Amino acid sequence: FAFPLLKNADIINCMSELGVPLTADELAEPVRHKDRVREVFLMLIEFGLGVTEEELRHPSAAAKAKRAALPHPELHVESVSELKFLQQCRRFMSICGLRDFGWKDLGAPTSKRFRRQLSGAINF
């Protein structure tokens, strides 16, 4: 389905109402604020899916077992949490009507895509 692409001021205002503060600079240049982009998605996942940051940090028993079976499991302690975070971001964005969310949206976010993603989340 389609949703309107909101203006920056509307996005900032709506995000603030959701308890997710965002500045015009963070929205205009998200690649310079990758940590903040991550925080925004963490808050949206908790708000929209009910999944907390704490839950994302602690892998399930099945994930721990899979990690333990890898040749060097100590190298994958953080990667399991990161994959879980990406999975939840993709799930939330898919529910919002955006099915193309990926690593690049976290590692090298663009203003155009970030604005589209937040517009989708707000219209969710």
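This report concerns the structure included in the present document. Quick caveat, the model's predicted, so the values are computed rather than measured.

## Let's talk about the packing of helix α3 (residues 34–49) against helix α6 (residues 77–95)
Then, in step 1: Across the interface, α3 lies against α6 with an axial gap of 10 Å and an inter-helix angle of 60 degrees. Crossing hand, α3 versus α6: left-handed. Counted together, R38, F41, L42, L44, I45, G48 and L49 of α3 and E82, F85, Q88, C89, R91, F92, M93 and I95 of α6 form the full contact between these two elements.
Then, in step 2: The residue makeup of the contact of α3 with α6, split by class, is 10 nonpolar, two polar and three charged.

## Overview of the packing of aromatic side chains
Then, in step 1: One pass over the structure, following the stated rule, counts three aromatic pairs.
Then, in step 2: Taken together, a centroid distance of 5.0 Å and an interplanar angle of 70 degrees make the contact between F41 and F101 edge-to-face. Residue F41 is located in helix α3, and its partner F101 is located in the loop between α6 and α7 (103–107); the two are separated by 60 residues in the primary sequence. Accessibility classification places F41 together with F101 in one group, the buried group.
Then, in step 3: Arranged with centres 5.3 Å apart and planes meeting at 80 degrees, the rings of F92 and F124 form a pair that is edge-to-face. Residue F92 is found in helix α6, and its partner F124 is found in the segment after α8 (111–123); the two are separated by 32 residues along the sequence.
Then, in step 4: For F92, a relative accessible area of 2% puts it in the buried group.
Then, in step 5: Residue class for F124 comes out partly exposed when judged on its relative accessible area of 48%.
Then, in step 6: R38 extends its terminal NZ or CZ atom over the ring of F85, reaching a point 4.2 Å from the ring centre.

## A closer look at α3
Then, in step 1: Spanning 16 residues, α3 covers 22 Å between terminal C-alpha atoms, matching the ideal 22 Å at 1.5 Å per step.
Then, in step 2: The set of residues buried in α3 consists of R36, V37, V40, F41, L42, L44, I45 and L49.
Then, in step 3: On its buried face, α3 sits against α1 (8–17), α2 (24–28), α4 (53–57), α6, α7 and α8.

Criteria and cut-off values
- Throughout this description, residue numbers start from 1 for each chain and increase along the sequence as written.
- Only residues with pLDDT of 70 or above have their local features reported here, since the model is predicted, and side-chain atom pairs are shown and tallied only from 80 upward, although totals for entire chains, interfaces and linings are computed over all residues.
- Side-chain metrics rest on all non-hydrogen atoms present in the structure, leaving aside hydrogens and water.
- Only the contacting stretch of a helix is used when fitting its axis, a line to C-alpha atoms as for every element, and angles between N-to-C directions run 0 to 180 degrees.
- Starting at the N terminus, helices and strands are each numbered in turn, a helix being any DSSP run of H or I of at least four residues and a strand any DSSP run of E of at least two.
- For any pair of crossing helices, the crossing counts as left-handed if the nearer helix is rotated counterclockwise from the farther one by less than a right angle, and right-handed if it is rotated clockwise.
- Whether two residues are in contact is decided by their heavy atoms: any pair within 4.5 Å suffices.
- Each residue is assigned to one class: nonpolar for Ala, Val, Leu, Ile, Met, Phe, Trp, Tyr, Cys and Pro, charged for Asp, Glu, Lys and Arg, and polar for all the others, Gly among them.
- Side-chain rings of Phe, Tyr and Trp, where Trp is taken by its six-membered ring, are said to pair if the distance between their centres is within 6.5 Å; with planes under 30 degrees apart they count as stacked, over 60 as edge-to-face, and otherwise as tilted.
- For every residue, the accessible area (1.4 Å probe, protein chains only) is compared with the maximum for its type, and the residue is labelled buried under 20%, exposed over 50%, or partly exposed between those bounds.
- Ring-over charges, as used throughout, are those where CZ of Arg or NZ of Lys falls within 6 Å of the ring centre and within 35 degrees of the ring normal.
- Helix span is expected to be 1.5 Å times the residue number reduced by one.

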